[in-house]
Each structure stands twice: as C-alpha cells, then as structure tokens.
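Secondary and tertiary structure notes
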Amino acid sequence: FFFLLERCGGRTRSARAPLSLSPNHAMASGSGLKTQEVKDITRIERIGAHSHIRGLGLDDALEARMVSQGMVGQANARKAAGVILQMIKEGHIAGRAVLIAGQPGTGKTAIAMGMAQALGTDTPFTAVSASEIFSLEMNKTEALTQAFRRSIGVRIKEETEIIEGEVVEIEVDRPAAGSSGKTGKLTLKTTEMETVYDLGQKMIDSLTKEKAQAGDVITIDKATGRISVLGRSFARSRDYDAMGPSTKFVQCPEGELQKRKEVVHVVSLHEVDVINSRQQGFLALFAGDTGEIKAEVREQIDQKVAEWREEGKAEIVPGVLFIDEVH
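Calculation notes
Residues numbered from 1 in each chain as written. Predicted model: local features only at pLDDT ≥ 70, side-chain atom pairs only at ≥ 80, totals over all residues. Heavy atoms only, no water. Helix = DSSP H or I, 4+ residues; strand = E, 2+ residues; numbered from the N terminus. Buried < 20%, exposed > 50% of the residue type's maximum accessible area, 1.4 Å probe, protein only. Contact = heavy atoms within 4.5 Å. Areas by Shrake-Rupley, 256 points an atom, 1.4 Å probe, with all protein chains shown as cover. Phe/Tyr/Trp six-rings, centres within 6.5 Å; stacked < 30°, edge-to-face > 60°. Axes fitted to C-alpha atoms, helices over the stretch in contact; angles between N-to-C directions. Parallel < 35°, antiparallel > 145°, perpendicular 65-115°, else oblique. Left-handed = near helix turned anticlockwise from the far one by under 90°. Core = buried A, V, L, I, M, F, W, Y, C linked by side-chain atoms within 4.5 Å. Salt bridge = Lys/Arg side-chain N within 4 Å of Asp/Glu carboxyl O.

**Let's talk about the overall build of the protein**
Regarding its fold elements, the protein presents eight helices and 18 strands. Buried residues in the protein amount to 41% of all 327 residues. If you take every contact in the protein between residues at least 6 apart in sequence, the share linking residues at least 24 apart comes to 62%. Surface exposure of the protein reaches about 19,300 Å², of which carbon and sulfur atoms provide 50%.

In structure tokens, the structure reads:
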C-alpha cells in the first residue's frame, strides 16, 4: 500500500497547483477550487467524505477532463496524481508517501479519494486525521499500526455449496392450534430439472424477509441457510405484475440445482486482527473502540495469511492510508 499526507499551506495563495515528483514523495500546492463536502459514510470504519468522487477524471493520455468522475478543475494536480497512480499500478512506488500540500478547500482530500477510487472499488481506503492519533487513548504506534492494517485488504476465496434456481411456488401451511412453528414447501427449477424442498420456520422467515416470490431466481447457501434474490426470471418479463424501473431480470439457471460456487470476501488485516483478538471479539468492529491488539496476534495472522497466499486461497489487496492535517 502507499499513504497520502495532507498539509494545509499558510495565508498566501498561489495561482497554480504545481506538483513535483521525487523518488520518495510528491508535493502539490493549489488554490481556487472549493469542493462540495458530503457527510461521512459510516460502516465498520470511516471511509471519508467526498462520496461523489469516482476517480481522477483523466483520459487515456492522463490529461484532466474539465468535469469528470466528480472532479472539477485542478487539472495540473490531477494529471500529476495520475502519473503517481500509474507508478502505483506498475509497483514502482509501493510503501512510499505522497505529500499533498495546499490551502484549505482546494481539493487535496478529493484528489486522494480520486486516487483510491481509480485503484478499484475493493481498494481499502482509510482516512484519519493527525489530531485523532494524539487524542486516542492508546499508544501512538498502535494507532498508526491499526491505520496501516486497515489499509491492507485480504481477498479470501472459498468454495461453498449452494442451491440456485427459479422459484415455481411457495406453499406455507398455517399451523394448527397448539402446534409450534410454520412448515411449507418450496418448488425450484432450472432449465433441466425441478425439485420440491420442505421448509421450516427459519427458512420461511428468510423467504419472507427477502420478499421472494414465484418467478424470482434465488440462491440458498447450504452451510448458513442464507437466501439471496438474484432477480426476476426473463420468462416473467411479460407478466403484468407491479414492477419498478429497478427490477433486474436474469436467466433461469442451467444444469443441476445444487452446485459448488466460489465466494470471494474482502476484509482488512485490522478486521481479522479484531475478530481473532480474544480481548476484543467480533462486536468490537461495530463499537469502533478496538483497544490495543497484541503483537503475537498479528504475527499469527500474518503467518496464516501467508499460508493462504501460498495455497492460492487468498491474495493481498494494496490500499490507501490518507492522513489529514499532518502539519
């Protein structure tokens, strides 16, 4: 991964946004452009503001378009960022820092977000402020280590058994007085076969929650019982059902109903650290306060991830760490 450092300039403002590149860092300073800020998007960790940014807005020759991918202006700085981005993709700048300096509101954070988005949707992007590190109730080295490991993703591949087919009919038997739980039957089909499955209370609740109905193509994870609706079958596209413009149509599955499918999960090293830390546990991901994690835990996780990489079960996803207010 690489990390971006943002520093605000003094009172004087320059008319341009030059960006000089060196083997160890790149510096940019600029003015004139104020970008619209959007409220933070929050999940397990903070992603950052500027959720409208989808890239740097460059063409194939790395020239900045006037308005593109949520970016406006700062053509010179965006072009320089595109050169850095190309170096990152070719592996020539891994582990090095990029310093972006300029006046407040000139697009430093937007350029950092654009670089992260241009690397891909699975690229981990961690935004922290230098003042946060000093205000946390933990060792500063630990705070930076957690930030670094949030910015390194692990793409884990695993095979799972699923049932995939088009729903023909869902029958739910109403329980008699005094009986416990509902029962029912689910009829699924592919282009080659049709099967009836018995349903219990849990599966009926899952189907109701996903609003599955006849004509939907669904998948059922045999290990967890999780149901996912992939869309409506093309055979039902001419029905007079109430459907919105966002309705997705898919082909009826072919072959057997039961099949093995490769599932890909992308998690950060920090998330794996927290889940495997006995002191914190899985719920600490949602609480936000993960505390300090022992070095032994991280060493074991690093060894395990290395084994997964050798076995072809996982691969590392380089990410971006953005540190704001480094002055």
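**Regarding the packing of aromatic side chains**
By the definition in use, this model includes two aromatic pairs. Look at Phe125 and Phe322: their rings are 6.4 Å apart centre to centre, the planes differ by 15°, and that puts the pair in the stacked class. Taken together, the positions of Phe125 in strand S9 (residues 125–129) and Phe322 in strand S18 (residues 320–324) put the pair 197 residues apart, joining distant regions of the chain. Taken as a pair, Phe125 and Phe322 share a single burial class, namely buried. Aromatic side chains Phe234 and Phe249 sit 6.0 Å apart centroid to centroid with 25° between the ring planes, which places their arrangement in the stacked category. Placement of Phe234 in the loop between strand S14 (227–233) and strand S15 (249–250) and of Phe249 in strand S15 is noted, with a sequence separation of 15 residues between them.

**Thoughts on the packing of helix H4 (residues 140–150) against helix H8 (residues 295–311)**
Between two packed helices, what matters for the description is the angle formed by their axes and the separation of those axes. Close contact between H4 and H8 brings their axes to 13 Å; oriented N to C, the two are set at 20°. Classified by the angle their axes make, H4 and H8 are roughly parallel. Relative to H8, H4 is oriented so that their crossing is left-handed. Contacts between H4 and H8 involve Glu142, Thr145, Gln146 and Arg149 from the first element and Arg298, Ile301 and Asp302 from the second.

**Quick word on the environment of Ala314**
In this fold, Ala314 is placed in strand S17 (residues 314–318). The exposure class of Ala314 is buried, given its relative accessible area of 8%. Those residues in contact with Ala314, other than ones at most four positions away along the chain, are Val154, Arg155, Ile156, Trp308 and Arg309.

**A look at the nonpolar core**
Leu56, Ile84, Ile111, Met115 and Phe125 are the most contacted members of the largest nonpolar core, which totals 22 residues. Elements that contribute at least two residues to this core include exactly helix H1 (75–89), strand S8 (97–102), helix H2 (108–118), S9 and S18. Ranked by residue count, the leading element in this core is H2, at six residues.

**Re the pattern of salt bridges**
This structure, assessed with the given rule, holds 15 salt bridges. The partner of Glu142 in a salt bridge is Arg298, with the nearest N and O atoms 2.8 Å apart. Of the two residues, Glu142 sits in helix H4 while Arg298 sits in helix H8, which places them 156 residues apart along the sequence. Taking relative accessible area as the criterion, Glu142 reaches 9% and is therefore assigned buried. For Lys222, the salt bridge identified is with Glu161, shortest N-O distance 3.6 Å. Of the two residues, Lys222 sits in the loop between strand S13 (216–221) and S14 while Glu161 sits in strand S10 (residues 152–173), which places them 61 residues apart along the sequence. The class for Lys222 is partly exposed, based on a relative accessible area of 42%. Taken together, the shared-partner salt bridges in this structure form one network comprising Glu142, Arg149, Asp273, Arg298 and Asp302.

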